[in-house]
Amino acid sequence: MSAVITVKSLAKAYRYAKRRGGFFEAFSPEHVTVEAVAGVDFEVGKGERVAIIGPNGAGKSTTLKMLSGILEPSSGEATVLGLTPWKQRKALAYRIGVVFGQRSQLWGELPARESFALLRHIYDQEAAPFAKRLGELTERFALAELLDQPVHRMSLGQRMRCEITASLLHGPNLLFLDEPTIGLDVTAKAAIRDFIREHARDHGQTVLLTSHDTRDIELVCDRVIVVNQGRIVVDQPTDQLRRRFLGRKIITFQSAGQGVSLNLPGVTRRASEAHATILEVDTRLTRVEQVIAAALADGGIEDVTIEDPPMEEVIAEIYASTHAA
Amino acid sequence: MMRAIGLYAAQSRAAIRTSFSDRGNFAIQVGGMIVNDIFFLTLWVLFFAGFRSIGGWTLPDMALLFGLTMSVVGISGVFFGGYRDLAATLLRGELDALLTQPKGLISRLLARESIATAWGDLAGAVFVLGVFARLQVADIPALLLAIAAGTTVYVSAAISFASLAFWAAGARSFARDLTDFTLLFSSYPGSIYQGAVKTIAFTLLPAGFVVLAPMGMVRDPGLQTLALVVFGAVVYAAIAVGLFHLGVARYRRGASPSL
């Protein structure tokens, strides 16, 4: 798989003036340097969908800004689609799409259709292929009813669908998404995730996204880079990450009568609901089939669900283990 | 070049349509500005009715100055309206989205907004220049050149002041104050400025190049005046572009207060 993004020892430090108390001290502020990204190395192959996750201030957005050409690094190297982002910003801009969840590239008072038309000029697109692409995205993202509506009258979810469409209209090879589902309701999040995943898969498009929402990562990305304090803590496929950090399964038993009560090593009962017993199973101590067999022997089971633990727990465990180290 | 002009025109059209979108609000703002301009003009008419002239300036001179000022503010507001809140725009970090797109930054920032009240200034300018300034048809080319030069200097000054936001977060308010001071200094007869005040009016605050020097193009046309006006426009535009790009470079290094 050819590398679309190559990053070597990439670092970014911010220097800012720290105000001190007192009138005269205000004229001689103390300067503080913060290492936002402390020398990261990674590669992203063509067609990969990679998430960069981490707590606030971990360096996710700074990394994304360096790779999209907005910021210059303090040191290190990076190539994106064969270009150095901060040196060849304009050339790169034609080949990438960028969405900032908390910023807009659309004109708020104008109907989305007019914003899209302006983007055609900005990206020097020919009318015919642009119209074809807009038609496809409109159909895929169910935008037909939104096109003539001013952007500022749209819901956040509708606006984000338009933002993502806007970022794809010039046919970029690579999509950067910074918190694309922030502030959205569950249905809108699901629509955005499905769209990003399916569009990227169908077009062989590479995606690099940052998010606080672990469901974005689970449902969209096939690889996760966890950053903390400017450093990469983990870089693994999503499934592997889950297995590595939590050798556990969540088993939910639906029963007509009393809940399931099992006394097996490594099996603990979580807060359960009426007619539903939720068990957390350490698979290193007891296998899933042993738990199910024991529950079926107990009788009254109507349904069983086996799930991996939520990504929140995976990440909490990663942070805990790296802090301990 | 043609593509850049085409893009600017498309963005400007969109911004103007946006300023029209709330018609009631648009009408109130334009009407309010016309009333404001009429009030200001009436004061000068009454003043000259009593004093006839100040420092050699008569009502037609004052009307020309006033009309030029309104033309400059009107054209700047309608077609380059992003200048007005540029410092705030930069401090909100809105440069990020533009930096991921392949076109020039200054033009994108200027064309993003069209100010409704500026139409009121333009309407007032046509009235004042047409009725009170005693202009001849032969003056029109010089008048248009004067408006173009004044607009260039005024917008350039606003860009330069707003670019200070790359160095100081406080620029949000003082950039606008400096732009307003430039306009205020431009609104009085040039003969009242002497010594240090005159130096400031022609340098730090380029008020002298917004209206006073361009006025000379209409009243006393000649190569020397033309050279001075063009020189002023080119120098202030160069300073604005230079300062803005120095600021952008600082922003991209991560040293700007908006990051």
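In this text the structure is predicted, and so the values were computed from the model without any measurement. (Residues numbered from 1 in each chain as written. Chains lettered and ligands numbered in written order. Predicted model: local features only at pLDDT ≥ 70, side-chain atom pairs only at ≥ 80, totals over all residues. Heavy atoms only, no water.)

Some words on the overall build of chain B
Working step 1: Along the backbone of chain B there are 12 helices and zero strands.
Working step 2: Mapped in sequence order, the helices and strands of chain B form the string α-α-α-α-α-α-α-α-α-α-α-α.
Working step 3: Whereas a compact globule of 259 residues would reach a radius of gyration of roughly 18 Å, chain B reaches 19 Å, a difference of no more than 12%.
Working step 4: Along the three orthogonal principal directions, the C-alpha set of chain B runs to about 60 × 45 × 35 Å.
Working step 5: When the 259 residues of chain B are sorted by exposure, 52% land in the buried category.
Working step 6: Partitioning the intrachain contacts of chain B with sequence separation of at least 6 by distance along the chain shows that 79% fall at a separation of at least 24.
Working step 7: For chain B, the exposed surface amounts to about 11400 Å²; the carbon and sulfur share of it is 70%. (Helix = DSSP H or I, 4+ residues; strand = E, 2+ residues; numbered from the N terminus. Rg over C-alpha atoms; globule rule 2.2 N^0.38 Å. Buried < 20%, exposed > 50% of the residue type's maximum accessible area, 1.4 Å probe, protein only. Contact = heavy atoms within 4.5 Å. Areas by Shrake-Rupley, 256 points an atom, 1.4 Å probe, with all protein chains shown as cover.)

Observations regarding the interface of chain A and chain B
Working step 1: Between chain A and chain B, the residue contacts involve 30 residues of the former and 26 residues of the latter.
Working step 2: Both sides together, the interface formed by chain A and chain B hides about 2600 Å², and carbon and sulfur atoms give 54% of it.
Working step 3: A per-residue breakdown of the area chain A buries against chain B is headed by I70, R89 and I122 of chain A, which together make up 23% of the total.
Working step 4: Counting the contacts that link chain A with chain B gives five salt bridges. (Buried area = accessible area lost by both parts, 1.4 Å probe. Salt bridge = Lys/Arg side-chain N within 4 Å of Asp/Glu carboxyl O.)

Let's talk about the packing of aromatic side chains
Residues and elements named next belong to chain B.
Working step 1: Scanning all chains against the criterion turns up 15 aromatic pairs over all chains.
Working step 2: Taking the centre distance of 5.1 Å and the plane angle of 55° together, the rings of F40 and F66 count as tilted. In this pair, F40 is assigned in helix α2 (residues 23–51) and F66 in helix α3 (residues 59–79), connecting sequence segments 26 residues apart.
Working step 3: With 6.0 Å between their ring centres and 80° between their planes, F127 and F132 make a pair best called edge-to-face.
Working step 4: Taking relative accessible area as the criterion, F127 reaches 43% and is therefore assigned partly exposed. (Phe/Tyr/Trp six-rings, centres within 6.5 Å; stacked < 30°, edge-to-face > 60°.)

Describing the nonpolar core
Generally speaking, a soluble globular protein has its nonpolar side chains buried in company with each other.
Working step 1: Counting 104 residues, the largest nonpolar core has I5, F42, L67, F176 and L208 of chain A together with L95 and F244 of chain B as the members making the most contacts within it.
Working step 2: Broken down by element, this core gets its largest block of residues, 13 residues, from helix α8 (residues 140–163) of chain B.
Working step 3: Setting aside anything within four residues of it in sequence, one finds F42 of chain A in contact with I5, T6, V7, I52, T63, L67, R223, I225, I232 and D235 of chain A.
Working step 4: Membership of the second largest hydrophobic core comes to 51 residues, among which are I53, Y123, I192 and V220 of chain A. (Core = buried A, V, L, I, M, F, W, Y, C linked by side-chain atoms within 4.5 Å.)

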